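The residues making up each chain are set out below.
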Amino acid sequence: MTPPIDRRRFLRLSAAGLAGAAAGPALAACGADRGDSGELVLSTWNIPEDIRTYTKFAQDYAAAHPGVKITVNVTPSGDFGQWFSTQLAADTAPDIIRMTYQAYGRYAGNGGLVKLDDHLPAGYGDDFAPSFWQAVRTEKGVFGVPQHTDTFGVYYHKDILEKAGVTPPAELAKAWDWDEFRDVARKVKAVTGKYAFAYGFQGVNTAYRWLPILYMHGGRLLEDDLKTPAINSAKGIEAIEFSRSWYADGLVPAGDTIKATQDGTADQLFTSRTVGLLIHGDWIMQQFGSLPAGSWDATYMIRSTSAASDLGGNVLGVTRSAKNQQLAADFVAFVCNQENMKSFCERDLFLPVRKSLLAQPLRFASNAPVMQKFVQQAATVPEAMVRVETSPKFDPVNQALGDELDLCFTGQQDAATTARRIADKVGRALA
């Protein structure tokens, strides 16, 4: 297994070439120079804080570009790939789409997204952390701009852990290992009388969020060639069995499998106190408004033989349905410039992907101590896992992973069969 990125290395990779990087202007000037006008639609996830922030960006841009109107729409919950592909086929897709790194490769390769190399300002990518800028580069060019990243930790209700007699880890190096976490989960279930924890799946496209469990245990989904399946191994089977036991032992609700979930499923289980723990991303704390202030906190992601966590975050791309591709690209560049990326991450609780921002502390608008834990956790995302998830053919791999894991989690096949079937399906998809 490629070891996770330690924080020093993460910052070193991120800061490489910083001296020559442009900080990024407050406005991307292409559209301003030409006086472009027109209407754009940007579609984003149904996160109220994010919608408000994008709306502000749209208003700021329109104020500096007379004649421009930008509408922010909500991407429907459910199967993103099915919805977006249908929109593209009908030529009714939004001009600008917010999507995960894991979905990006499919649409960059099939013509769903517009090549941006000639639309972005010269040197625009210089200030992006190399790992994220490379994630959007393909053999044909750049088809999206990284906007942010995020990762997983473990949320908890303070009073439930207190009643369970559990003290959460205060250091990344002391995160609960699998055996410790299983013991904690059983104690938490005894307190709630229902379930112990929820896992941050959010629908059929989010099977990749299970991969940290595999990689933290020394397993791999693919070999370094990104073609040869590697999950059908002792480590792979053990990781699947560990996850299968969550459901078999009644620690996780049956409705919190990959395919059973929708946007909001896991965090609602937490805010309703159906569970005492929640393994999810930093952005989800925005949904905890119904909980009393100070009643919850977060600790670090669970670990096995090493630490690992989720590769989260989003890319903004211009779709082939866009009638004014240059204007759409100019707005994407504006949203992702240094000033607005900083504002977006601080306000909406995400992590930046620009080198200049990774080299400075951020002033998060809320829950700053909790956010600092996620900043530390982000440095544990395994490089080998990143390469798999950002590969051009990850979409069918993700689908195969979700199909087979869901069968296992719902008790329809054992871990060994699941590992073998994932390897077989992935091998055929990448052949």
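Please refer to the structure placed before this passage.
Basis of the calculations
Residues numbered from 1 in each chain as written. Predicted model: local features only at pLDDT ≥ 70, side-chain atom pairs only at ≥ 80, totals over all residues. Heavy atoms only, no water. Helix = DSSP H or I, 4+ residues; strand = E, 2+ residues; numbered from the N terminus. Rg over C-alpha atoms; globule rule 2.2 N^0.38 Å. Buried < 20%, exposed > 50% of the residue type's maximum accessible area, 1.4 Å probe, protein only. Contact = heavy atoms within 4.5 Å. Areas by Shrake-Rupley, 256 points an atom, 1.4 Å probe, with all protein chains shown as cover. Lys, Arg positive; Asp, Glu negative; His and termini not counted. Charge placed at Lys NZ, Arg CZ, Asp CG, Glu CD. Pairing = 2+ DSSP bridges. Axes fitted to C-alpha atoms, helices over the stretch in contact; angles between N-to-C directions. Polar contact = N/O pair within 3.5 Å; in protein donor to acceptor, adjacent residues only side chain to side chain. Disulfide = S-S within 2.5 Å. Expected span 1.5 Å × (residues − 1). Phe/Tyr/Trp six-rings, centres within 6.5 Å; stacked < 30°, edge-to-face > 60°. Lys NZ or Arg CZ within 6 Å of the ring centre and 35° of its normal.

**Q** Before we go on, may I ask you to explain the overall build of the chain in this structure?
**A** Each helix and strand counted, the chain has 18 helices and eleven strands in total. For 431 residues, the compact-globule estimate of 2.2 N^0.38 gives 22 Å, and the chain sits close to it at 21 Å. Along the first, second and third principal axes, the C-alpha set of the chain runs to 65 × 50 × 40 Å. Across the 431 residues of the chain, 57% fall into the buried class. At a minimum sequence separation of 6, the contacts of the chain that also span at least 24 residues come to 77%. Here the chain has roughly 16500 Å² of accessible surface; of this, 50% comes from carbon and sulfur atoms. Side-chain charges of the chain comprise 43 positive and 47 negative groups, with the mean position of each set lying 2 Å from the other.

**Q** What exactly am I supposed to notice about the sheet that holds strand β9 (residues 277-281) here?
**A** Ordered by their spatial adjacency, four strands build an open sheet running β8-β9-β7-β10, and the pairing between neighbours is mixed. Edge positions in the open sheet fall to β8 (197-199) and β10 (296-299), since each of these has one partner strand only. When the angles between neighbouring strand axes are averaged without regard to direction, this sheet yields 30°. Direction of pairing for strand β7 (residues 152-157) relative to β9: antiparallel, over a ladder of five bridges. The residue bridging Tyr156 from the neighbouring strand is Leu277, located in β9. Against the sheet, helix α8 (residues 178-192) touches β8 and β9, its axis set at about 125° to β9. On top of the sheet, helix α15 (residues 368-378) reaches β7, β9 and β10; it is set at about 20° to β10, its chief contact.

**Q** Explanation requested: the side chain of Asp310 in the structure shown.
**A** Tracing the backbone through its elements, the reader meets Asp310 in the loop between β10 and β11 (314-318). Discounting chain neighbours no more than four positions away, the residues touching Asp310 are Asp150, Thr151, Phe152, Tyr208, Arg209, Pro212, Val381 and Met385.

**Q** It is not clear to me how the side chain of Thr257 should be interpreted in this structure. Could you clarify?
**A** Counting through the fold element by element, Thr257 comes out in the loop between α10 (234-248) and α11 (265-271). By relative accessible area, Thr257 is classed as buried at 2%. Here Asp406 takes part through its side chain, which lies 3.3 Å from a polar atom of the side chain of Thr257. Leave out the neighbours within four places in its chain, and Thr257 touches Phe201, Tyr247, Asp406, Phe409 and Thr410.

**Q** Would you mind showing me how to read the state of the cysteines here?
**A** Two cysteines, two sulfur atoms, one covalent bond between them: this is a disulfide. All told, the structure shown has zero disulfides when counted by the stated rule. For the unlinked cysteine Cys345, the closest cysteine sulfur is that of Cys336, found at 9.8 Å. For Cys345, a relative accessible area of 0% gives the class buried.

**Q** How should I be thinking about the environment of Asp126 in this particular structure?
**A** The residue Asp126 is located in the loop between α5 (101-109) and α6 (130-136) in this model. Sequence separation between Asp126 and Lys355 is 229 residues, and the spatial gap between their C-alpha atoms is 8.8 Å.

**Q** Before we go on, may I ask you to explain helix α17 (residues 394-409) in this structure?
**A** For the α-helix, the turn length of 3.6 residues means that residues three or four positions removed from each other point alike. Along its 16 residues, α17 runs 22 Å from first to last C-alpha, staying within 8% of the 22 Å computed at 1.5 Å per residue. Among the residues making up α17, those that are buried are Phe394, Val397, Asn398, Ala400, Leu401, Gly402, Glu404, Leu405, Asp406, Cys408 and Phe409. The secondary structure elements touched by the buried residues of α17 are α5, α9 (211-216), α10, α16 (383-389) and α18 (415-430).

**Q** Can you walk me through the packing of aromatic side chains in this structure?
**A** Each aromatic ring pair is specified by the distance between its two centres and by the angle formed by the two planes. With the rule as written, the count across this model stands at 32 aromatic pairs. Ring centres of Tyr155 and Phe374 lie 5.7 Å apart, and the angle between their planes is 40°; this geometry places the pair in the tilted category. Of this pair, Tyr155 sits in strand β7 while Phe374 sits in helix α15, and the two are 219 residues apart along the sequence. Residue Tyr155 is classed as buried on the basis of its relative accessible area, which comes to 0%. With a relative accessible area of 1%, Phe374 lands in the buried category. Ring pairs connect the aromatic residues Phe152, Trp176, Trp178, Phe181, Phe197, Tyr199, Phe201, Phe242, Trp246, Tyr247 and Phe409, which therefore count as one cluster. The residue whose ring lies beneath Arg354 is Tyr124, and the NZ or CZ to ring-centre distance is 5.3 Å.

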